[in-house]
Amino acid sequence: MAMDFQVVVLAGGYSKNLAPLVSKEVPKALLPVANRPVLSYVLELLEQSNLKDLIVVVEGEDAALRVGGWISGAYVDRLHVEVAAVPEDIGTAGALRAIAHHLTAKDILVLSGDLVSDVSPGAVAAAHRRHDAVITAMLCSVPVSGLTEPGSAGGKDKSKKPGRYNIIGLDPSKQFLLHIATSAELEKDIRVQKSVVRAVGEMELRADLMDAHVYALKRSALLEILEQKDTFQSLKEDLLPYLVRSQLKSEIPVNGTPPGEENGNEKTGSNNNQILLSRILSNASKPEFHQLHELGHYGDTTRRTHKCCVYIASESKYCARLNTIQAFSDINRDVTGEANYLSGYTFSSHNNIIHPSVELGAKTTVGPHCMVGEGSQMGDKCSVKRSVIGRHCRIGFNVKIVNSVIMNHVTVGDGCSIHGSVICSNVQLQERVVLKDCQVGAGFVVVSGGEYKGESLAKKEK
Amino acid sequence: MDQRHRVQRAVIDPKVRQVGFFAPNPNPNSDIPARSSPPLAGSPSNATSSSPIIIIPPPPLPAARDHPASSHLVVGSYDAASESLLGTSSPFPSPPPSSARVFVVDGEFSDDSWQQRSNSAKFASSFPSDGFNLTAARAVITPEADASPAVVSANEKNEVNAIEVNNERTESSKPAKAKLTKSERRALQESQRAAKTAAKGEGNRPSAGAAPGGPGKASMQPAQKKDTASAAPSTAALERRGSDRLPEKDRKKDVPAPRMQFDDKSRVEKAKRRAVVNQTEARNRVELFRHLPQYEHGTQLPDLQSKFFQLDPMHSAVYKVGLQYLSGELTGSNARCIAMLQAFQEAIKDYVTPSEKTLTRDLTTRVSSYVSFLNECRPLSISMGNAIRFVKNRIAKMQITLSESEAKVSICSDIDRFISEKIILADQVIVKHATTKIRDGDVLITYGASCVVEMILLHAHEVGKKFRVVVVDSRPKLEGQKLLRRLVTKGLNCTYTHINGISYIMHEVSKVFLGAASVLSNGTVYARVGTASVAMVANSFRVPVLFCCEAYKFHERVQLDSICFNELGDPDAVSKVSGRVDVNYLDDWGNKENLQLLNLMYDVTPSDYVSMIVTDYGMIPPTSVPVIVREYRKEQLWM
């Protein structure tokens, strides 16, 4: 590849966070967002950036088979994807460790498979390359879109924990990551390294940024650390904080040599020349605090540093991760709503998408920001608002569906009312069921007249 | 024929005095028409024979280069002969013939240089079957034989003019060519012929020898160009011959493309379509500097970044250097040049010749695409232009027998050699020379942060000279602070001041050491903005001004002011003061209609204020720059 980057998509497996939604048949990567697997959003984002050689890492053999099957069907002639299966629950760092022998390029771009975004991954890579950083993380502003929607706020505030986001310290130029406190540490007081603050001069602490789980990593450093620190489980929780912490007293072997030292074939140039050359170059470039710190006040004690960079996506871009049930509904709503350019569909003049094969009963209305998949049928006097309905669903008479996601092959009896809920595939709702903020696992049958609020309904695992 | 001789003499004589060609010739035009007999005015060929003198004085050169659109106007304003030349061109329906007249001028030049080297047999073979022309040409050869010093400068001129030619062609002659049908072309030829005979008729001397000699010579140019590779095609008719496409391309390789004039709307639009980087042009540009590129700062970087993976042909090393230019992380012409060359090396190492293509050609286009990308990131410095010319030359001159890997190794080692000889070793030599000029007790002043000046100061300190340094700095870049930091850590005794205080500090100063981005062949020094003020103040205090500049930064261009060619920095850098939140008077005033911010990057120090230029060829007065340029260019081309 021209830019010497390798792309790894961490697609996860059967995430426990999304308990009733994912099932044996549907691993996390294949959860539908606007009737498309969530993984397709990442893959298409990469495809747009002309990144066509990908490694998709899936936890669990079974899930890998399913994901691989879907990818090879959907992207057979567009992308060159290798699907690697890794054991379950080894974490993101563990997953990288497991596929370490596949990594050959100079830098690795790691994306989470649950990312729904239109931020170009190239920007992250470019920032990484420009600074010759060890790690570059993409940060995006915390999505506030869901909160601004009137009528959709019901029940959401409960699940939204205020401390879900990280506290991130940046340098004044907003290019370097100086401090990161992950959720686990947030309970404690914030501890900031004195040496970093001294080196940089000032630090900006922000809580309104979210780690989008898009990292550019220097391969040599990554492999080294993964090997040394075999307890590291997660990129976000272990590796990134470690790199940020140790950036001024680096333990990583220096592989990012300045270009002047890479010319092995120079015959005439004496060593002296090379020193002069690199001095000219380094004098000419703007010294970051890293270099200043390396020089230090003590003269010749050479301290090694490495750079941890950030790329902050502009606020106009959409960026969200599907890692909670709440996020699942939010993203589904956004992709059919205000971020509908992500869905890849063209919306009708009513701002919704109804597949031509859909049969709608008399006096049935489908509002804006809705989507009804292929082959679904709806009875009379139904009302659908801000919801996504999958393929081949059968919906009876007088059904109200608001702010919900209904997957494929769902049968909804007459007179049901579904509010803010997620109904998985092959669910059967009998007559007059009322669901509010519920999740119904795949294949579940809700008996007629049942009323549920804020519950998770799923079949018992046998 | 002796009339012809005399004319040739008249051509040659001023050329011998070319060292002084920054000194404006008081009235070169008034005496030439007097010497060349009246009929010359009318016929194009004769007009050309007086033209070398027209071309020689420097003012038209930068002018012609920087305002290619108005090139013939400039030439026209220089003498009465070409005034009438313009007059004769008016009956022609389309512009190409009139611009072709300008080329005939060049053609004559290349004739001169060519005739010196080539034998007359070749000459004859390239002739149309016209015996009379042959004798005319031979007659021309004889006086040329003793005019060797003139030839080199003629080459240089040719180059400058060739730029014009390329320009003209892209602008006007191509579309015209496309439109012409066969009959139209014939009509055009006919009308040209008629005009020529009319012109002949006008002359009171029958000048049968000279007049056909002119077109004859023009028509033999394509053949000559294969040898000299320096002449420009002379007429539109000749351009159509396939044979001269090739040398024309060669020409382009050597010469950096003409500078875009950014006040020319249509061309800017065209360039934008080609551009890799999406750039929004700044709205409020200072009137005088409209022709320079200036973009809305801060729009380029995100755009370029997000395209990281889409820029397929770009090599990652080149891309990184481009980003560094764009973000201002890498400044200083030496460093930029080295970084660029090293990126090229990386790119060449990874280069694989596509099938059905030859390395020489494909790699040249590849390098050109890199160069245009870097140019979009930040306008190239003159030193980089020279380095690029070197690289392309090496690629073009690559022996075809070499295998791909051998060729790549050879180019890479050439680049290495360029870096080490032209930059590193040159710096060491400069340091050695300049150190001899530092005496104990001196107070040296420097401006900005020149890497070679820094080396000089450090070296002088190392060898135990006792001196003090005044580092003069200026906003917005405050480059001096970095230099100061490095000097102070090495234990030098320093004073730091801003340029506002220059006249006070100059009292105690004994020598001025300055760096330069380029030294132009009229001795003008092109350097970081503010340098000229320091040099001028020093001059008025009778303090010697020493410019330290590697010879690879010398350029044959002549520039009289810092307007026609310069670089515009981020205007916000002037209006905002970093670290001072209270100085916010101009915040978000950037888009006010009646406010224009100017952040010039370079200025020009006239040679009057330059006491000495310390270069790797020794310490020279500014008047000797053309010599170095000439010798150096030769060396570079045949290295």
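Residues numbered from 1 in each chain as written. Chains lettered and ligands numbered in written order. Predicted model: local features only at pLDDT ≥ 70, side-chain atom pairs only at ≥ 80, totals over all residues. Heavy atoms only, no water.

1. A closer look at the overall build of chain A
Link 1 in the chain: Assigned secondary structure in chain A consists of twelve helices and 32 strands.
Link 2 in the chain: In chain A, which comprises 462 residues, the share counted as buried stands at 55%.
Link 3 in the chain: For chain A, contacts bridging at least 24 residues in sequence account for 55% of all contacts bridging at least 6.
Link 4 in the chain: Roughly 20100 Å² of accessible area belongs to chain A as shown, and the carbon and sulfur atoms make up 50% of that amount. (Helix = DSSP H or I, 4+ residues; strand = E, 2+ residues; numbered from the N terminus. Buried < 20%, exposed > 50% of the residue type's maximum accessible area, 1.4 Å probe, protein only. Contact = heavy atoms within 4.5 Å. Areas by Shrake-Rupley, 256 points an atom, 1.4 Å probe, with all protein chains shown as cover.)

2. A word on the confidence of the model for chain B
Residue and element names in this part refer to chain B.
Link 1 in the chain: When the pLDDT values of chain B are averaged, the result is 68; 57% of them are 70 or greater.
Link 2 in the chain: The model gives residues 1–177 a pLDDT under 50, and that stretch makes 244 contacts with residues more than four places away or in other chains.
Link 3 in the chain: Between residues 203–254, whose pLDDT stays under 50, and residues either more than four places distant or in other chains, the model counts 98 contacts.
Link 4 in the chain: ipTM for the predicted complex: 0.73, alongside a pTM of 0.67. (pLDDT = per-residue confidence, 0-100.)

3. Considering the packing of aromatic side chains
Link 1 in the chain: Scanning all chains against the criterion turns up eight aromatic pairs over all chains.
Link 2 in the chain: Ring-pair connections join several aromatic residues into one group, and the members of that group are Phe390, Phe418 and Tyr552 of chain B.
Link 3 in the chain: The positively charged end of arginine 36 of chain A is found above the aromatic ring belonging to tyrosine 41 of chain A, 4.1 Å away from the centroid.
Link 4 in the chain: Looking at arginine 336 of chain B, its charged tip hangs above the ring of tyrosine 325 of chain B, at a distance of 5.1 Å from the centre. (Phe/Tyr/Trp six-rings, centres within 6.5 Å; stacked < 30°, edge-to-face > 60°. Lys NZ or Arg CZ within 6 Å of the ring centre and 35° of its normal.)

4. Describing the sheet that holds strand S9 (residues 167–170) of chain A
All names here are of chain A.
Link 1 in the chain: Taken in spatial order, the three strands line up as S10-S9-S11 in an open sheet, and their pairing is antiparallel. Strand pairing shows two members of the sheet lacking a second neighbour, strand S10 (177–181) and strand S11 (204–206), which therefore form its edges. Geometrically, the sheet is characterised by an average inter-axis angle of 15° between neighbouring strands, direction not taken into account.
Link 2 in the chain: Here four bridges tie S9 to S10, and the two strands are oriented antiparallel to one another. Following the sheet pairing, glycine 169 is matched in S10 by histidine 179. (Pairing = 2+ DSSP bridges. Axes fitted to C-alpha atoms, helices over the stretch in contact; angles between N-to-C directions.)

5. Describing the environment of glycine 322 of chain B
Residue and element names in this part refer to chain B.
Link 1 in the chain: Residue position: glycine 322 is located in helix H18 (residues 316–326).
Link 2 in the chain: Residue glycine 322 is classed as buried on the basis of its relative accessible area of 0%.
Link 3 in the chain: For glycine 322, the residues in contact, after removing those within four places along its chain, are Phe373, Leu374 and Cys377.

6. Looking at the pattern of salt bridges
Link 1 in the chain: Scanning the entire structure with this criterion turns up 23 salt bridges over all chains.
Link 2 in the chain: We note a salt bridge from lysine 218 of chain A to aspartate 132 of chain A, for which the minimum N-O separation is 3.5 Å. Of this pair, lysine 218 of chain A sits in strand S12 (residues 209–218) while aspartate 132 of chain A sits in the loop between helix H4 (121–131) and strand S8 (135–141), placing them 86 residues apart in sequence.
Link 3 in the chain: On the basis of relative accessible area, lysine 218 of chain A is assigned to the buried category, the value being 9%.
Link 4 in the chain: Note on aspartate 132 of chain A: relative accessible area 23%, which makes it partly exposed.
Link 5 in the chain: Arginine 394 of chain B is paired through a salt bridge with aspartate 414 of chain B; the nearest N and O atoms lie 2.9 Å apart. One end of the pair, arginine 394 of chain B, is in helix H21 (residues 382–396); the other, aspartate 414 of chain B, is in helix H22 (residues 404–435), and 20 residues separate them in sequence. Comparing arginine 394 of chain B with aspartate 414 of chain B shows no difference in burial state: the two are buried. (Salt bridge = Lys/Arg side-chain N within 4 Å of Asp/Glu carboxyl O.)

7. A few points about the pairing of strand S7 (residues 545–548) of chain B
Within a regular strand, the side chains alternate between the two sheet faces.
All names here are of chain B.
Link 1 in the chain: Burial along S7 is two-sided: the face carrying Val545 and Phe547 and the face carrying Leu546 and Cys548 are both buried.
Link 2 in the chain: Inspection of the sheet shows S7 paired to strand S10 (residues 612–615) by three bridges, in the parallel sense. Bridge assignment links cysteine 548 to a residue of S10, and that residue is valine 614.

8. Here's the deal with the nonpolar core
Link 1 in the chain: Counting 173 residues, the largest nonpolar core has Leu39 and Leu429 of chain A together with Phe344 of chain B as its most contacted members.
Link 2 in the chain: It is H22 of chain B that contributes the most residues to this core, eleven residues altogether.
Link 3 in the chain: There are two domains that each give this core at least three residues, and those are domain 1 (5–256 + 268–319) and domain 2 (348–457) of chain A.
Link 4 in the chain: For phenylalanine 344 of chain B, the contacting residues outside a window of four places in its chain are Val318, Val367, Tyr370, Val371, Leu374, Ile388 and Ile415 of chain B.
Link 5 in the chain: Membership of the second largest hydrophobic core comes to 37 residues, among which are Ile55, Leu96, Ile135 and Leu240 of chain A. (Core = buried A, V, L, I, M, F, W, Y, C linked by side-chain atoms within 4.5 Å. Domains from an automatic or database assignment.)

9. A word on the packing of H22 of chain B against helix H23 (residues 451–462) of chain B
All names here are of chain B.
Link 1 in the chain: Interaxial distance between H22 and H23 falls to 9 Å at its minimum, and their mutual angle equals 55°. On the basis of their axis angle, the class for H22 and H23 is oblique. For the crossing formed where H22 meets H23, the hand is right-handed. Between H22, through Asp427, Ile430, Val431, Ala434 and Thr435, and H23, the contact on the second element is made entirely by Cys451, Val452, Met455, Ile456, His459 and Ala460.
Link 2 in the chain: Of the residues that constitute the contact of H22 with H23, the class distribution is eight nonpolar, two polar and one charged. (Parallel < 35°, antiparallel > 145°, perpendicular 65-115°, else oblique. Left-handed = near helix turned anticlockwise from the far one by under 90°. Nonpolar A, V, L, I, M, F, W, Y, C, P; charged D, E, K, R; others polar.)

10. Let's talk about the sheet that holds strand S23 (residues 405–406) of chain A
Residues and elements named next belong to chain A.
Link 1 in the chain: Spatially, S15-S17-S20-S23-S26-S29-S32 is the arrangement adopted by the seven strands of the open sheet, whose pairing is parallel. The sheet terminates laterally at strand S15 (353–354) and strand S32 (456–457), the two strands that pair on one side only.
Link 2 in the chain: Sheet topology places strand S26 (residues 422–423) next to strand S29 (residues 439–440); two bridges connect them, and they run parallel. Residue pairing for S29: valine 422 is matched across the bridge by glutamine 439.

11. What about H4 of chain A?
All names here are of chain A.
Link 1 in the chain: When you tally the buried positions in H4, you get eleven out of eleven residues, the bulk of the element.
Link 2 in the chain: Along H4, the residues that are buried comprise Pro121, Gly122, Ala123, Val124, Ala125, Ala126, Ala127, His128, Arg129, Arg130 and His131.
Link 3 in the chain: For H4, the N-terminal capping position is held by serine 120, with its side-chain oxygen 3.0 Å away from the main-chain nitrogen of glycine 122.
Link 4 in the chain: Positioned one or two residues after H4, aspartate 132 has a phi angle of 55°, which is positive. (Polar contact = N/O pair within 3.5 Å; in protein donor to acceptor, adjacent residues only side chain to side chain.)

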